[in-house]
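The residues making up each chain are set out below.
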Amino acid sequence: MLFMDRLNRFSRHTVTWLFAACLWGVSFPGAGAGQGTPASSSGDSHLLVTYSWGVPARSNIGDTAIAVGFFNLLRESRFESPVVAMTYQRADDPAFAGMHGYLEGYLPGLEATLPFPFVDLVNASPSEPGPPGSAWHAFHQRWGASTLRAFENGTLHATTAAAVAEDFLDRLPREIFEELERENQAAADAFRNAGFVMYTSGMVLNFGRSGHRNFYSYTLRNAMSLLVARALDIPYGINAHSFEAIDWPAGLVLRPLLEDAEFVYCRDPDSIEFLRQKGIELRRTGFRPDTTFFVEGLDEPWAESFKRTHGLGEREFIAVLTRSGHSQGGLVAKTVSAEREQAHMATIRGFIEEWIERTGKPVVICPEVRSEIPWMRKYVYEQLPPDVREHCVLIEDFWTTEQAYSLYRRAEMVVSMEMHSVIMALGIGTPGVLPEFMENGRKGTMLGELGLGDWYIDIDGPASDEALLDTALQIHRDPGAARERVDVALPGLRARGLGVIDDIRNAWRQPET
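Residues numbered from 1 in each chain as written. Predicted model: local features only at pLDDT ≥ 70, side-chain atom pairs only at ≥ 80, totals over all residues. Heavy atoms only, no water.

A separate point is the overall build of the chain. Counting secondary structure elements, the chain contains 20 helices and 13 strands. The proportion of buried residues among the 513 residues of the chain is 59%. In the chain, once contacts between residues fewer than 6 apart in sequence are set aside, the share between residues at least 24 apart is 75%. Accessible surface, the chain as shown: approximately 19,300 Å² in total, 49% of it carbon and sulfur. (Helix = DSSP H or I, 4+ residues; strand = E, 2+ residues; numbered from the N terminus. Buried < 20%, exposed > 50% of the residue type's maximum accessible area, 1.4 Å probe, protein only. Contact = heavy atoms within 4.5 Å. Areas by Shrake-Rupley, 256 points an atom, 1.4 Å probe, with all protein chains shown as cover.)

Here helix 16 (residues 401-410) crosses helix 17 (residues 419-427) at 60 degrees, and the two axes come no closer than 9 Å. Considering their axes alone, helix 16 and helix 17 lie oblique with respect to each other. For helix 16 against helix 17, the interelement crossing comes out right-handed. Here helix 16 contributes Thr401, Ala404, Tyr405 and Tyr408 to the contact with helix 17, which in turn contributes Ser421, Met424 and Ala425. Across the contact of helix 16 with helix 17, the residue classes break down as five nonpolar, two polar and no charged. (Axes fitted to C-alpha atoms, helices over the stretch in contact; angles between N-to-C directions. Parallel < 35°, antiparallel > 145°, perpendicular 65-115°, else oblique. Left-handed = near helix turned anticlockwise from the far one by under 90°. Nonpolar A, V, L, I, M, F, W, Y, C, P; charged D, E, K, R; others polar.)

Residues Phe263 and Tyr265 point to one face of strand 6 (residues 263-266) and Val264 and Cys266 to the other, with burial holding for every one of them. Pairing analysis gives three bridges linking strand 5 (residues 236-241) to strand 6, with the strands arranged parallel. Each bridged residue has a counterpart across the sheet, and for His241 the counterpart in strand 6 is Cys266. Assessed by its sense of winding, the connection that carries the chain from strand 5 through helix 9 (residues 251-259) to strand 6 is right-handed. Of the pairings in the sheet, the one linking strand 6 to strand 7 (residues 285-287) comprises three bridges and is parallel in character. When the sheet's bridge partners are listed, Cys266 is paired in strand 7 with Phe287. Handedness of the crossover joining strand 6 and strand 7 through helix 10 (residues 269-277): right-handed. (Pairing = 2+ DSSP bridges. Right-handed = clockwise from strand over helix to strand, strands pointing away.)

Our next topic: unusual backbone geometry. A cis geometry characterises the amide bond from Thr50 onward to Tyr51, with omega recorded as -10 degrees. Within the element layout of this structure, Tyr51 appears in strand 1 (residues 46-52). Looking along the chain, the bond that leaves Trp248 and enters Pro249 is cis, with omega of 5 degrees. Position of Pro249 relative to the elements: it lies in the loop between strand 5 and helix 9.

Tallied over the full model, the rule gives 28 aromatic pairs. Through a chain of ring-to-ring contacts, three or more aromatic side chains come together here, namely Tyr51, Trp53, Tyr88, Phe116, Phe118, Phe191 and Tyr199. The positively charged end of Arg288 is found above the aromatic ring belonging to Tyr265, 4.0 Å away from the centroid. The aromatic ring of Tyr381 is capped on one face by Arg389, whose charged end is 6.0 Å from the ring centroid. (Phe/Tyr/Trp six-rings, centres within 6.5 Å; stacked < 30°, edge-to-face > 60°. Lys NZ or Arg CZ within 6 Å of the ring centre and 35° of its normal.)

Our next topic: the pattern of salt bridges. Under the criterion given, the structure shown has 37 salt bridges. Between Glu262 and Arg283 there is a salt bridge whose closest N-O contact spans 3.0 Å. Taken together, the positions of Glu262 in the loop between helix 9 and strand 6 and Arg283 in the loop between helix 10 and strand 7 put the pair 21 residues apart, joining distant regions of the chain. Residues Glu273 and Arg276 are paired through a salt bridge, measuring 2.6 Å at the closest nitrogen-oxygen approach. (Salt bridge = Lys/Arg side-chain N within 4 Å of Asp/Glu carboxyl O.)

A few words now on helix 5 (residues 135-153). With 19 residues, helix 5 should cover 27 Å at 1.5 Å per step; its first-to-last C-alpha distance of 22 Å lies more than 12% under that length. Among the residues making up helix 5, those that are buried are Ala135, Trp136, His137, Phe139, His140, Thr147, Leu148, Ala150, Phe151 and Glu152. Those residues of helix 5 hidden inside the fold are in contact with helix 6 (158-183), helix 8 (215-231) and helix 9. (Expected span 1.5 Å × (residues − 1).)

Think of a sheet as strands paired side by side through backbone hydrogen bonds, with each pair either parallel or antiparallel. Taken together, seven strands build an open sheet; the order of strands is 3-2-1-4-5-6-7 and the sheet is parallel. The open sheet has two edge strands, strand 3 (112-114) and strand 7, and neither has a second partner. This sheet shows a mean twist of 20 degrees between the axes of neighbouring strands, independent of strand direction. The pairing of strand 4 (residues 194-199) with strand 5 spans three bridges and is parallel. Looking at strand 5, one finds that Val197 is bridged to Tyr236.

Here the focus is the pairing of strand 1. Judged by how many residues are buried, strand 1 sits mostly within the fold: seven of seven residues are covered. Direction of pairing for strand 1 relative to strand 4: parallel, over a ladder of five bridges. Bridge pairing in strand 4 places Thr50 opposite Tyr199. Taken together, the five bridges between strand 1 and strand 2 (residues 83-87) define a ladder with parallel strand orientation. Counted as the bridge partner of Ser52 is Thr87 from strand 2. Considered for its hand, the β-α-β crossover made up of strand 1, helix 3 (residues 61-76) and strand 2 is right-handed.

So, about helix 4 (residues 99-106). An α-helix turns once every 3.6 residues. As a result, residues three or four positions apart point the same way. Most of helix 4 is tucked away: seven of the eight residues are buried. Those residues of helix 4 that sit buried are Met99, His100, Tyr102, Leu103, Glu104, Gly105 and Tyr106.

Glancing now at the packing of helix 6 against helix 9. Relative to each other, helix 6 and helix 9 sit at 45 degrees, their axes nearing to 8 Å. Accordingly, the angle class assigned to the pair helix 6 and helix 9 is oblique. Two packed elements cross with a definite hand, and for helix 6 against helix 9 that hand is right-handed. Within the contact between the two elements, helix 6 uses Ala161, Ala162, Ala165, Phe168 and Leu169 and helix 9 uses Leu252, Val253, Pro256 and Leu257.

Further remarks concern the environment of Asp260. Checked against the element boundaries, Asp260 lands in the loop between helix 9 and strand 6. C-alpha separation for the pair Asp260 and Pro235, spaced 25 residues apart in sequence, amounts to 8.8 Å. Setting aside chain neighbours within four positions, we find Asp260 in contact with Arg230, Tyr236 and Arg283. Only 2.8 Å separates the side chain of Asp260 from the side chain of Arg230, close enough to count as a polar contact. (Polar contact = N/O pair within 3.5 Å; in protein donor to acceptor, adjacent residues only side chain to side chain.)

Printed below as a string of structure tokens:
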């Protein structure tokens, strides 16, 4: 009866996912029950985790894995304080209704799951003043549309830019918190009673990447939970992030925000070097693994059924994932030309053809993101010769993170143009090869930190076709040795991930009474 009550509250996507979970036997590392309640105002300190990026079975299996991987670390370390999760979904997003049940499957006893509170508090356009009485309206009245537009464009006088940045750092987040107290008590309590604010893995604390200069709807909104924490003197930290660009004048905001954090850990060594080149002096930094490494949820019945249906042997197939430039929209679509995109897909097709000819082993073509499904069919599967397609399986229905983990676990290797599927494969002990284009960011350089730098391939580089095939065949010739390389790297990753929990404990504060 309780289960059916929950189903009635969940979104259409989550209903489908949970029903399938019951049928397929999805296993979580410690499933719990309970819808969760708003953050308590009793004075008990909790950990506020921002943000839970992904939605199960909706758009991106990698983004979904980030928060739950961190929750697994909390559970493994026996973290003693309550935890509140702040999602990246608005309250009116149908997917939000199912988030608590999903997240609590990985962290039983999760105190509350809150919707993203900042969309309506920070206007996307500097020309929009917001409703009278709002924090944004007051901010807009102080500076005016022309000044705010010039700040975003980088055409504002330096002295004025510094004054606006100081407002972003102190006055605006305080006024936004006051607005939360008036309009969204649960979100206000989430900050007021926080012993620590934790920012999960990602690459969104940037400005100017690939020419993208949308400060208000992107950089400012994504940073607002940290800005509020800083303004309220709540300790906060940023874990396993990638930093791509901090163009002026955003650095006037991001520099002090990063420098005042208890820690800013990067999931790739290149981001550490980037911040060093920017002259940003951090209290504590270093490499920490993307928390997707630590997801332990599986859907074993689904994977076994999939294997039987398609006649796949254990570790007798590989998984291949594409990433078309235009399927991402935004930054990447503007910088990856149609010609380059077709060259990338030709490289993947050529690899599949050569792999099947050399090994006879089947290939499962599967998506990391929902938007890639039509393009991997059009540009890869449908353009393969008929005799090659006979050895391929195409996954066209978007799947869950747990299904992907269980399939990757059974694969000989994963060859993915998206980093998160490589992380997922490595985290579960399967070799992963990354043929990516540079616009996908610095995160791929983490393979070097793991001693697996030879599994990283610039797909635009010279002789990338040969490099991809040679790398995969080398793994195929001695799969035991390849898996051993992965196994050697994992304990150190876990130790570093768990060390972040100790950092949170050490920086903890008690809320004001």
